[in-house]
Amino acid sequence: MGALRVTLMLKKDLIQKNSTIIVGLSGGPDSVYLLHQLNNFKEEYNLTLIAAHLDHEWRTTSDKDLLFCKTLCEHLHVTFVHEKASQLKHSFKYNGSKEELGRNLRRHFFDSVKKEYNADTIALAHHKDDQLETFFIRLIRGTTTAGITGIKKQDGIYIRPLLNISKNEVLNYLKQNNIAFLEDPTNSSDEFLRNRIRTHVIPTLSECDERYKKNTLRFMQQIQETENYLKKETEKTFKKLFKDNTLDIKQFKQLDPF
């Protein structure tokens, strides 16, 4: 069922025929699954796939990850590009969050590959479980109503076709089809907040009430719908108050603060 839902989402609104897609490939189960799913569309949609792998150089065995991804792409006949973080022509400030640093490095790398290949979109392998983890991360760190809605299936040039399937569905598909993938040892480290939530918070919530996943995702969807409504209302109000390049300050001050 997971593969079917990915198929429906891709066909519905996330990919266009004759397009070039950059696929973020770490070698882990999620990105390997995503690459296989997109590759299934390659002929039907006349897609050009570019698998992009960034070596963060945080582990001494990272070269093996690169070799695995390269071999996988050769097998699938997908163009493979890679880079080491130390070779990126950009410097990033480290604010104490290694997770955020890695995300910034990848974004810069993916954007540069997109520009080089004149690609249309960049596909990332976030799934339903990532969505739940992100909810708690943003809740803990503090966020707005827009932030609490979680990861969007499309955010500018970035698309996330796997948001409607779970990690278990990904793993089951790979197992059933004998598809190899890498296990990142840092995923079990409590150094990262996301890992602590995945290892400690999520299992505890499951023990409290097995409905928490479904209900939390439904709540996020409701907040998203609320946010969309507020955005429309804000735009309508702005048009009423801003005319001839002038803002009606008196009426503006009478608006609800929210």
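Note that this is a predicted model, so its numbers are computed, not measured.

### So, the environment of Ile159
Tracing the backbone through its elements, the reader meets Ile159 in strand β6 (residues 158-159). Along the primary structure Ile159 and Ile122 are separated by 37 residues, whereas in three dimensions their C-alpha atoms are 6.1 Å apart. Sequence-distant contacts of Ile159, that is, excluding residues within four places in its chain, are made with Leu14, Ile15, Thr121, Ile122, Ala123, Leu124, Lys153 and Gln154.

### What about the state of the cysteines?
Simply put, the disulfide is a covalent bond whose two ends are the sulfur atoms of two cysteines. Following the criterion strictly, the structure yields zero disulfides and no others. You can see Cys69 has no disulfide; the closest cysteine sulfur is in Cys73, sitting 6.7 Å from it.

### Some thoughts on the environment of Cys69
Residue position: Cys69 is located in helix α3 (residues 62-76). Remark: the alpha-carbon pair of Cys69 and Phe238, spanning 169 residues in sequence, is separated by 49 Å. Setting aside chain neighbours within four positions, we find Cys69 in contact with Leu25, Ser26, Gly27, His53 and Phe80.

### Observations concerning the pairing of strand β1 (residues 20-24)
Among the five residues of β1, five are classified as buried, and the element is accordingly described as predominantly covered. Every second residue of β1 is oriented toward a common face, with Thr20, Ile22 and Gly24 on one face and Ile21 and Val23 on the other, all of them buried. Pairing of β1 with strand β2 (residues 48-55), which is carried by five bridges, proceeds in the parallel orientation. Bridging from a neighbouring strand, Val23 pairs with Ala51 of β2. Running through helix α2 (residues 29-40), the crossover from β1 to the neighbouring parallel element β2 is right-handed.

### Remarks on unusual backbone geometry
The backbone of Asn46 sits at a positive phi, close to 55°, despite the residue not being glycine. Residue position: Asn46 is located in the loop between α2 and β2. The phi torsion at Asn178 lies on the positive side, around 50°, for a residue other than glycine. Note that Asn178 resides in the loop between α7 (167-176) and α8 (193-208). On the accessibility criterion, Asn178 (72% relative accessible area) is exposed.

### A short note on the nonpolar core
With 32 residues, the main nonpolar core has Ile21, Leu25 and Leu35 as its most contacted residues. If you list the elements that add at least two residues to this core, you get β1, α2, β2, α3 and α7. If one sorts the elements of this core by residue count, α3 sits on top with six residues. Sequence-distant contacts of Leu35, that is, excluding residues within four places in its chain, are made with Val23, Leu25, Leu72, Cys73, Leu76 and Val78. With 16 residues, the next largest nonpolar core counts Ile22, Leu88, Leu101 and Phe110 among its residues.

### Points about the confidence of the model for the protein
Across the protein, the average pLDDT comes to 88, with 93% of residues at 70 or higher. Here helix α1 (residues 2-14) stands out as the least confident element of the protein, with mean pLDDT 64; β1 is the most confident, with 97.

What counts and how
Residues numbered from 1 in each chain as written. Predicted model: local features only at pLDDT ≥ 70, side-chain atom pairs only at ≥ 80, totals over all residues. Heavy atoms only, no water. Helix = DSSP H or I, 4+ residues; strand = E, 2+ residues; numbered from the N terminus. Contact = heavy atoms within 4.5 Å. Disulfide = S-S within 2.5 Å. Buried < 20%, exposed > 50% of the residue type's maximum accessible area, 1.4 Å probe, protein only. Pairing = 2+ DSSP bridges. Right-handed = clockwise from strand over helix to strand, strands pointing away. Core = buried A, V, L, I, M, F, W, Y, C linked by side-chain atoms within 4.5 Å. pLDDT = per-residue confidence, 0-100.

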